[in-house]
Amino acid sequence: MGTKIGYTFIQSNRAWLPKALVLWIMGMAFISMSIYRGMDEENKIRRKEVLGSMCDQRARMLQDQFNVTVNHVHALTILVSTFHYFKNPSALDQDTFAEYTTRTAFERPLLSGVAYAPRVVDAQREQFERQHGMTITTMKSEPSPIRDEYAPVMFYQEPMSHVKSLDMMSGEEDRENILRARATGKAVLTRPFRLLGSHHLGVVLTFPVYKSKLPPRSTVEERIKATAGYIGGPFDVESLVENLLGQLAGNQAILVNVYDMTNASDPLIMYGDQNQDGDMSLLHESELDFGDSFRKHKMICRQVRLVSGYILYGAAIHIVKVEDDFHKMQELKVRAEAADVAKSQFLATVSHEIRTPMNGILGMLALLLDTDLSSTQRDYAQTAQICGKALIALINEVLDRAKIEARKLELEAVLFNLRAILDDVLSLFSEKSRNKGIEFTERGHIFVKVHLAERTMVKTDAKDETLLNGGTEEGVCRSGTGQFNTLSGLEAADGRNSWDKFKHLIDAEGFQSNASIINMMASNGGSEDVTLMVCVEDTGIGIPLSAQERVFMPFMQADSSTSRHYGGTGIGLSISKCLVELMRGQISFVSRPQVGSTFSFTAVFGKCKEYVFEDIKQSKSEDLPPGFKGLKAVVVDEKPVRAAVTQYHLNRLGIMVKMSSSIKDASSTAKNGLTSSEDKFQPDIILVEKDCWISGEDSGFNAQLLDWKPNGHVFKLPKLILLATNISKDECDKAKAGGFADTVIMKPLRASMIAACLQQVLSTENKRQAGRGVPNGSSFHQGLLRGKKILVVDDNGVNRMVAAGALKKFGATVECAASAKAALDKLQSPHCFDACFMDIQMPEMDGFEATRRIRQMESKANEQMMNGGSSVDGTAKRDELHLPILAMTADVIHATFDECLKCGMDGYVSKPFEEENLYRELAKFFKSKPLSAFIKMRQGPGAFELVILGLKLIERFSWNQSLSLPQEPHSWVRVPLLGLD
Amino acid sequence: MDVVSQLQKQFIDFSSSLYREGYVDDQFSQLHKLQDESSPDFVVEVASLFFDDAEKLINSMARALEQPCVDFKQVDSHVHQLKGSSSSIGALRVKNVCIAFRSFCDAQNREGCMRCLQQVSHEYTMLKSKLQTLFRMEQQILAAGGSVPLE
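Residues numbered from 1 in each chain as written. Chains lettered and ligands numbered in written order. Predicted model: local features only at pLDDT ≥ 70, side-chain atom pairs only at ≥ 80, totals over all residues. Heavy atoms only, no water.

- Going by what an unreviewed UniProt entry lists, chain B is known as Histidine-containing phosphotransfer protein and is assigned to Citrus sinensis.

- An unreviewed UniProt entry lists chain A under the name Histidine kinase 4, with Citrus sinensis given as the organism.

Spelled out as structure tokens, the structure:
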């Protein structure tokens, strides 16, 4: 058949092939059969066991119920004898009996009813009939023929009313029963027969009632003589047992038969269908003892023959159930996910809702603090204010996180200046670090560096280092004291930031060598993206190994005590992670307990294409006042690294710097400057590190200073400036007395801060010069909007006026509209407005709606233009009407950018106006030179997020520091910058 | 000449006290930046517009709060207006009260609103008298032939 025809062995035996096939099939069938049997045999044993236990269980249950019933009927007999015979007159009548039996029916679960029939001998018949107003009848409802004695039913339970006045002795089974019962004095059962009324198969239970108490060992005659009547009731075995078994599980799988086995050769069926199909091979018998010793009962259980069908049915039911469950689970999963989203939204909403009243609370607290308060009151109010601020900060964090989770956080590509941002980060932190007493010296460090991630692209180690605060080389110089090759000399978790590299950078003296950087940019010009890597290294307690896995999980801190010791909620790093991932970067860390941690992250930025390199200088001169160019300064610091930092910042301001390691050197330099003509370095400023000053104080610094000053008669005296990380009031006074009347500059250093201080110091002489040097932001921006016509829409007159004033400042012609309707009138095309500022919250029609209508009008006009066919496609497209509309809103959250965009707005500015903000938005629409920035983030978040990220990272370390360095904690931050500037 | 510098000094002291005591904030100085030759009286104009505006708003708030059945929405919209104006001109204290006021409006707390109304009108009166003094000093300096110092 399917056998492939070959040419060798198979070919030669082809005649045998069909036979071989038949043989094969038979063989396989036999094997299958034997396997089946083997399996079936096992199965059978198991089934038998199961059947046995099920059968026994049923038998036991039936028997128990039966016995309970019998016992209760026994109790009834005692009731009747007690209240009917021992009491005179009888305390029992039909109503009482019926009520009692009905109410106690639950005690006799297997009995469909009970009835009492007194023993009436023929002589008493007439009297009895008269007394009870009834005629004794037979089972066939005929007046009873005369007999020796009767047992007419006198009391009965409600459902048994059909037996009223029936003579129980007239029925064959009942008569037999009665006789047997009164002779034995025990409960007796009839054989199974069709019951009167229901025609179900059943048995009748009969109990004798005695007139008098019988002795314990009474004879049969005594008992018969004492018999007063009989209590009996039918067991409707068929329906009751059915009911009972129905309560048990798995009753469909077996067949139950109950037999009366009194006559062993002729078992009488009591329950179950004799002819029902059953698996005769598998049956189990259980003995039943119903309390009647004369009668024997037996329960026989068999497996239903169609058990496999039943199993299939069961399996199908099970599958359906599982599938239903699955669907239910799926639905629940969807609901759970929806709940999760709802949770985020709820968090965001609630947080936002909390913010509004919190602002009120804080506002009131601020007002309260302005009033006259006792010191205690002030303390309370201040505490409340601090707590409120902490709460707001927390809410903001939660909002951030919720926003990120809800994918609401979108990245905006903006131009930024990395150095300016890092400067800002530092300035935000200087306050915090000063409050905590963390300063930047030899006892540890915090180190931030930013460089290009792909070093291979950078031929030189082109990092432009911005040293934000003085470090020290001490650790390295003091060799042999177990120090490490890091900047502070302390061991760091990540050994890659070695001192050697840093020294190399200082040696290169290439802080501002733009040429090499431009070269690098050029060589790097092929790629569009720039990946920056930011590392933050600290020394301190580090992160316990056990907690390192959880560091990026929200609300997880190293352990529960972290929050108590260092504050924070544990959400910062998880937000950082989200942000970094949004910026297509990665965040990671290396941490060693008791050594410190190094966090690093990468982020991908786009390069600003249209940027012209020459603008770098311009932009730089724009953020830093140029008035200091050509000044000369001497920095007195014994620690070269720290001095290099100071020098770097001064260089940025265009100040020429000489370094000297002690005051002596410095003063001699200055003197030389005065006397010798070849070295013309005449300092305008002398900056002295506080440490040097303190150490030099004893060695007659003041004298030197005084010695030096008179020599300055020809030139202006150099200004003396003290550089300090922290300074007490005493020291400050002393410094002033010691000649530093001019100023003290607090570290960490920032170019802008130095500029401000210098300006202050120098202002007495060259006020004008300096004044001119200060960049005038508004004049810089002036002319941006010259000739542009702008419509301002706001219902608030004051706001309108201020906005108009601000826009006029940029050279624009401004028109105002007090309502959205008025604005729409003004904007009927053709109009001559170049932009529109729209308030969002206005009565009648809000800004969103107004914008929508304006856009509708525009699109209509555009269509007409197209239909007019006056212009070619290309130009038509370009000429399409689209008025830039900027939302003005005080509440940035309410009017999210999304909402603004959705209704056709182009951007928003927050109220009250800030010049920078306004300018930035406007600049987008009226193309002008970019501001001071050189990298355009493509997929990165706004520069602000980078700042925040940096803050989060540094924050992490500032507390690390505080524990490990309890006495005079020092550390220092260095922020080297990307070498593009 | 002496008079002018004295006046200038007074002016500087007074105006810095306004900042220090929180009557005005940075926005007010932003406003000054907007003033130039083309609009020499910009600040005064804005301020007087603000005063008119604020007075009207405060009166309507008071009226609305006197009603047996207070329409808090209406009160809130007035407060919102006032908050907008005050933040525009940099009236810090008025703005702060407005923020609290709005939260009372949200909570439909009449008593709190009444308290805030009193406060807001108090702050407003204070601010008005302070600013009027400031402007008068400016006028004096100009009249004496000096120039108004920028901070």
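There is more to say after this.
1. A few points about the overall build of chain B
Part 1: A tally of helices and strands in chain B yields six helices and zero strands.
Part 2: Walking chain B from its N terminus toward its C terminus, one meets helices and strands in the order α-α-α-α-α-α.
Part 3: Looking at the 151 residues of chain B, the share that counts as buried comes to 50%.
Part 4: If you take every contact in chain B between residues at least 6 apart in sequence, the share linking residues at least 24 apart comes to 68%.
Part 5: Of the roughly 7600 Å² of accessible surface on chain B, a fraction of 52% belongs to carbon and sulfur atoms. (Helix = DSSP H or I, 4+ residues; strand = E, 2+ residues; numbered from the N terminus. Buried < 20%, exposed > 50% of the residue type's maximum accessible area, 1.4 Å probe, protein only. Contact = heavy atoms within 4.5 Å. Areas by Shrake-Rupley, 256 points an atom, 1.4 Å probe, with all protein chains shown as cover.)

2. Some remarks on the overall build of chain A
Part 1: Check the secondary structure of chain A and you find 30 helices and 30 strands.
Part 2: Within chain A, the proportion of its 981 residues that are buried is 47%.
Part 3: Considering only residue pairs separated by 6 or more positions, chain A has 73% of its internal contacts joining residues 24 or more positions apart.
Part 4: Carbon and sulfur atoms provide 55% of the accessible area of chain A, an area that totals close to 50100 Å².

3. Notes on the interface of chain A and chain B
Part 1: The interface is formed by 23 residues belonging to chain A together with 29 residues belonging to chain B.
Part 2: Counting the surface lost from both chain A and chain B, the interface buries some 2200 Å², and carbon and sulfur atoms represent 61% of this.
Part 3: Among the residues chain A hides against chain B, the three largest losses belong to A:L367, A:V798 and A:M801. Together they make up 25% of the total.
Part 4: Joining chain A to chain B, the criterion identifies zero salt bridges.
Part 5: Summed over the shared surface of chain A and chain B, the result is four residue pairs in polar contact (both at pLDDT 80 or more).
Part 6: Class assignment for the residues of the side of chain A that touches chain B results in nine nonpolar, nine polar and five charged. (Buried area = accessible area lost by both parts, 1.4 Å probe. Salt bridge = Lys/Arg side-chain N within 4 Å of Asp/Glu carboxyl O. Polar contact = N/O pair within 3.5 Å; in protein donor to acceptor, adjacent residues only side chain to side chain. Nonpolar A, V, L, I, M, F, W, Y, C, P; charged D, E, K, R; others polar.)

4. What about the pairing of strand β27 (residues 885–889) of chain A?
Residue and element names in this part refer to chain A.
Part 1: Counting buried positions along β27 gives five out of five residues, so the element sits mostly inside the fold.
Part 2: Residues I885, A887 and T889 of β27 are buried on one face, and the alternating residues L886 and M888, pointing to the opposite face, are buried as well.
Part 3: Taken together, the four bridges between strand β26 (residues 835–839) and β27 define a ladder with parallel strand orientation. Counted as the bridge partner of M838 is A887 from β27. (Pairing = 2+ DSSP bridges.)

5. Concerning the UniProt feature "modified residue: Phosphohistidine" (unreviewed entry) in chain B
Part 1: Residues given the UniProt feature "modified residue: Phosphohistidine" (unreviewed entry) here are B:H80.
Part 2: Here B:H80 is to be found in helix α4 (residues 72–89). (UniProt positions renumbered as here; feature names shortened; annotations may be inferred.)

6. Here we look at the state of the cysteines
Part 1: Scanning the entire structure with this criterion turns up one disulfide over all chains.
Part 2: Between the sulfur of A:C55 and that of A:C301 lies a disulfide, 2.2 Å long from S to S. Between A:C55 and A:C301 the sulfur-sulfur dihedral comes to about 80°; the bridge is accordingly right-handed. You can see A:C55 sitting in helix α2 (residues 17–85) and its partner A:C301 sitting in strand β12 (residues 297–303), a full 246 residues away along the chain. Grouping residues by exposure puts A:C55 and A:C301 together as buried.
Part 3: No disulfide involves B:C98; its nearest neighbouring cysteine sulfur is the one of B:C116, lying 8.8 Å away. (Disulfide = S-S within 2.5 Å.)

7. Concerning a nonpolar patch on the surface
Part 1: A cluster of nonpolar side chains, contributed by A:L21, A:W24, A:I25, A:M28, A:F30, A:I31, A:I35 and A:M39, occupies part of the molecular surface with about 860 Å² of accessible area.
Part 2: Along the polypeptide, A:I25 turns up in helix α2. (Patch = residues over 30% accessible without salt bridge, like charges linked within 9 Å, V, L, I, M, F, W, Y side chains within 5 Å.)

8. Observations regarding the pattern of salt bridges
Once the charged atoms of two side chains with opposite charge are near each other, the side chains can pair.
Residue and element names in this part refer to chain A.
Part 1: For the structure on display, the rule yields 20 salt bridges over all chains.
Part 2: When the shortest N-O distance is used, the salt bridge between R182 and E149 registers 2.6 Å. In this pair, R182 sits in helix α5 (residues 172–184) while E149 sits in strand β3 (residues 149–150), placing the two residues 33 residues apart along the sequence. E149 shares its class with R182; the two are buried.
Part 3: Ionic pairing is found between D260 and R295, a salt bridge with its closest N-O pair at 3.3 Å. Within this pair, whereas D260 is found in strand β9 (residues 254–260), its partner R295 is found in the loop between β11 (279–288) and β12, the two being separated by 35 residues in sequence. Comparing D260 with R295, the two get one shared label, buried.
Part 4: Among the charged side chains, a salt-bridge network with shared partners connects R119, E149 and R182.

9. Thoughts on the packing of aromatic side chains
Part 1: According to the stated counting rule, one finds seven aromatic pairs over all chains in the structure shown.
Part 2: Taken together, a centroid distance of 4.2 Å and an interplanar angle of 20° make the contact between A:F66 and A:F235 stacked. In this pair, A:F66 sits in helix α2 while A:F235 sits in strand β8 (residues 227–235), placing the two residues 169 residues apart along the sequence.
Part 3: Residue classification places A:F66 among the buried residues on the basis of a relative accessible area of 3%.
Part 4: A relative accessible area of 2% places A:F235 in the buried class.
Part 5: With 5.9 Å between their ring centres and 55° between their planes, B:F50 and B:F51 make a pair best called tilted. B:F51 carries the same exposure label as B:F50, and that label is buried.
Part 6: The structure contains a cluster of three or more aromatic residues connected by ring pairs, namely A:Y85, A:F97, A:Y116 and A:F155.
Part 7: Above the ring of A:W16, the side-chain terminus of A:K19 is found at 5.0 Å from the ring centroid.
Part 8: Just above the ring of A:F833 sits the side chain of A:K789; from NZ or CZ to the centre is 5.0 Å. (Phe/Tyr/Trp six-rings, centres within 6.5 Å; stacked < 30°, edge-to-face > 60°. Lys NZ or Arg CZ within 6 Å of the ring centre and 35° of its normal.)

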